Amino acid sequence: MDAIMKTLACFLAFSTSLFCPCFAQKGKVAPPIEGVEHIVYKEASGSKLILNVFHPQDRKTKKEKRPAIVFFFGGGWSGGSPAQFAPHCEYLASRGMVAITADYRVKSRQGTPPFECVKDGKSAVRWIRQNAGRLGIDPKKLAAGGGSAGGHVAAATGTVPGLEEDGEDVSVSSTPDALVLFNPVYDNGPKGYGHDRVKDRYKEISPLHNIRKGMPPAIVFLGDQDKLIPVSTAEKFKSQMEKVGSRSDLHVYKDQPHGFFNQGKKGNYYEKTVLEMDRFLISLGWLKGKPTIRVP
């Protein structure tokens with residue numbers, strides 16, 4: 001009996017690692033989000049990186065072509081968790097989108113610099129587009145979003161022309177069709193955030209320094225008391241985007257610091273920013289009807 005129980009325990013441990021490889025690599029990846037689909041999109045630096053996929057409740061068939069979004073968490077390229085954007089994913093899934101929050105390599109878990117963060121962001125966008133049929137999404141309606149350093153990763157997928165992972169099929173675009181950015185780090189120049197991490201290579205990775213014709217439409221949320229991202233940087237990004245003919249909506253919130261948009265913060269700014277995000281996606285023709293979120 002003891003032998004049978006030991007065999008069963010081994011089988012269960014093995015099968016768990018198959019369905020959710022992150023459990024087998026505790027400390028090497030961010031914890032998965034319970035109750036949603038987990039898909040490995042990339043293996044790098046000894047880690048299996050997953051997508052936490054929130055499907056719409058009214059999903060009927062995988063042949064559907066829903067709009068989709070992938071979020072990248074904040075944490076200074078050093079830490080953080082995909083769970084940060086779980087509330088956003090839950091809401092957008094309730095509105096009919098396939099919403100995803102991705103794990104990517106960071107310094108505290110994989111010892112990687114910001115360049116690998118961007119490579120992973122591009123890999124995630126590419127993998128999702130390559131597997132649009134499996135996910136039931138429209139590959140031409142795929143947004144990237146994120147906050148702080150995750151906002152940088154998202155913005156870089158939409159602006160930076162390089163930093164593609166070796167061995168991937170670059171004939172499949174890693175550029176999203178829209179950007180949803182929450183106090184994003186998008187200036188890595190000498191006076192911008194994170195310059196000490198990228199130094200002379202900043203032009204390779206800084207979204208503000210790679211704006212050109214054909215940039216995807218963007219919406220940006222920022223607090224006017226953000227000590228990391230000045231309002232002037234956001235205004236410059238908006239101006240340069242509009243100069244090349246791209247849309248860039250900017251929402252600046254009075255007296256708000258960095259990270260004000262997260263769920264649970266005072267002032268109901270999670271609800272306020274999600275409402276504007278919804279309206280932005282409606283304006284693109286990706287969502288229908290009125291926003292369902294209520295601002296207290």
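Let us look at the structure shown here. Counting starts from 1 at the beginning of each chain's written sequence and moves along it residue by residue. In keeping with the model being predicted, local features are shown solely for residues with a pLDDT of at least 70 and side-chain atom pairs are shown and tallied solely at 80 or more, while totals for entire chains, interfaces and linings include all residues. No hydrogens and no water enter the side-chain calculation; it runs on all heavy atoms of the structure.

## Describing the overall build of the protein chain
Let me state the cut-off plainly: Counting from the N terminus, the helices are DSSP H or I runs at least four residues long and the strands are E runs at least two residues long. With the radius of gyration taken over C-alpha atoms, the globule rule is written as 2.2 Å times the number of residues to the power 0.38. Here's how the labels work: a residue is buried when its accessible area is under 20% of the maximum for its type, exposed when over 50%, partly exposed in between, all with a 1.4 Å probe on protein chains only. Residue contacts are counted whenever heavy atoms from the two residues lie within 4.5 Å of one another. Here the Shrake-Rupley method, with its probe set to 1.4 Å, supplies the accessible areas, and only the displayed protein chains count as covering residues.
If you tally the helices and strands in the protein chain, you get 10 helices and eight strands. Against the globule reference of 19 Å for 296 residues, the protein chain gives a C-alpha radius of gyration of 19 Å, in line with a compact fold. Structurally, the protein chain occupies a C-alpha span of about 70 × 45 × 40 Å along its principal axes. Here the protein chain, with 296 residues, has 55% of them falling under the buried criterion. Within the protein chain, residue pairs in contact and separated by at least 24 positions form 71% of the contacts whose partners lie at least 6 positions apart. Carbon together with sulfur atoms contributes 53% to the accessible area of the protein chain, which is approximately 13,400 Å² in total.

## Examining the pattern of salt bridges
Basically, it comes down to this: Take a side-chain nitrogen of Lys or Arg and a carboxyl oxygen of Asp or Glu: if they are within 4 Å of each other, that pair is a salt bridge.
In this structure the tally under the stated criterion is 17 salt bridges. In this structure, Asp103 and Arg109 form a salt bridge, with 3.8 Å as the shortest nitrogen-oxygen distance. Exposure class is identical for Asp103 and Arg109. Each is buried. Each member of the salt-bridge network shares a partner with another, and the members are Lys42, Arg105, Asp120 and Glu165.

## Comments concerning the sheet that holds strand β8 (residues 248–253)
The strands that make up a sheet pair up through hydrogen bonds in the backbone, lying either parallel or antiparallel. Applied cut-off: The pairing criterion is simple: DSSP has to find at least two bridges between the two strands. To define axes, lines are fitted to C-alpha atoms, for helices over the stretch in contact only, and angles between the resulting N-to-C directions are given on a 0 to 180 degree scale.
Spatial strand order, β1-β2-β4-β3-β5-β6-β7-β8: eight strands in an open sheet with mixed pairing. With one partner strand each, in any of the chains shown, β1 (37–44) and β8 form the two edges of the open sheet. Here the average twist between neighbouring strands, direction ignored, is 20°. Strands in contact with helix α6 (residues 149–159) are β3 (66–72), β5 (137–147) and β6 (178–182); relative to β5, the strand with the most contacts, it is inclined by about 145°. Each of β3, β6, β7 (218–223) and β8 touches helix α10 (residues 269–283); the most contacted strand, β7, lies at about 165° to it.

## A few points about empty space enclosed by the protein
Cut-off, in case you're wondering: Cavity means a closed set of points on a 1 Å grid over the protein atoms alone, one where a 1.4 Å probe fits but cannot get out, pocket means an open set with protein on both sides within 12 Å along at least 5 of 7 lines, and lining means a residue has an atom within 4 Å of a point. Grid points are joined across faces, edges and corners, and a volume is the space filled by probe spheres set on the points. Side-chain classes follow a simple rule in which Ala, Val, Leu, Ile, Met, Phe, Trp, Tyr, Cys and Pro form the nonpolar group, Asp, Glu, Lys and Arg form the charged group, and the remainder, Gly included, forms the polar group.
Here the structure, examined in full by the defined rule, presents one cavity of 30 Å³ or more. Quantified by volume, the largest cavity comes out at close to 60 Å³. Forming the boundary of the largest cavity are Pro184, Val185, Tyr186, Asp187, Lys191, Gly192, Tyr193, Leu228, Ile229, Pro230 and Thr233. Residues that form the lining of the largest cavity fall into these classes: seven nonpolar, two polar and two charged.

## Some remarks on helix α9 (residues 231–243)
Spelled out, the test is: Expected span of a helix, by definition, is 1.5 Å for each gap between consecutive residues, and there is one gap fewer than residues. The directions considered for the arc are those from the helix axis to the C-beta atoms.
With 13 residues, α9 ought to run about 18 Å at 1.5 Å a step, and its terminal C-alpha atoms sit 18 Å apart, in line with that. The set of residues buried in α9 consists of Thr233, Ala234, Phe237 and Met241. All buried residues of α9 lie within an arc of 100° about the axis, which places them on one face of the element. Considering only its buried residues, α9 is in contact with β7 and β8.

## Notes on the pairing of β3
Convention followed: Here is how to tell: hold the view so the strands point away, follow the path from the first strand over the helix to the second, and if it runs clockwise the crossover is right-handed.
When you tally the buried positions in β3, you get seven out of seven residues, the bulk of the element. Going residue by residue along β3, you find Arg66, Ala68, Val70 and Phe72 tucked away on one face and Pro67, Ile69 and Phe71 tucked away on the opposite face as well. Strand direction decides the pairing type here: β3 and β5, joined by six bridges, are parallel. Residue pairing across strands places Phe71 opposite Gly145, the latter belonging to β5. Both β3 and strand β4 (residues 98–102) contribute to a ladder of five bridges, which runs parallel. Residue pairing across strands places Ile69 opposite Ala99, the latter belonging to β4. A crossover connection joins β3 to the parallel β4 through helix α2 (residues 86–94); in handedness this β-α-β unit is right-handed.

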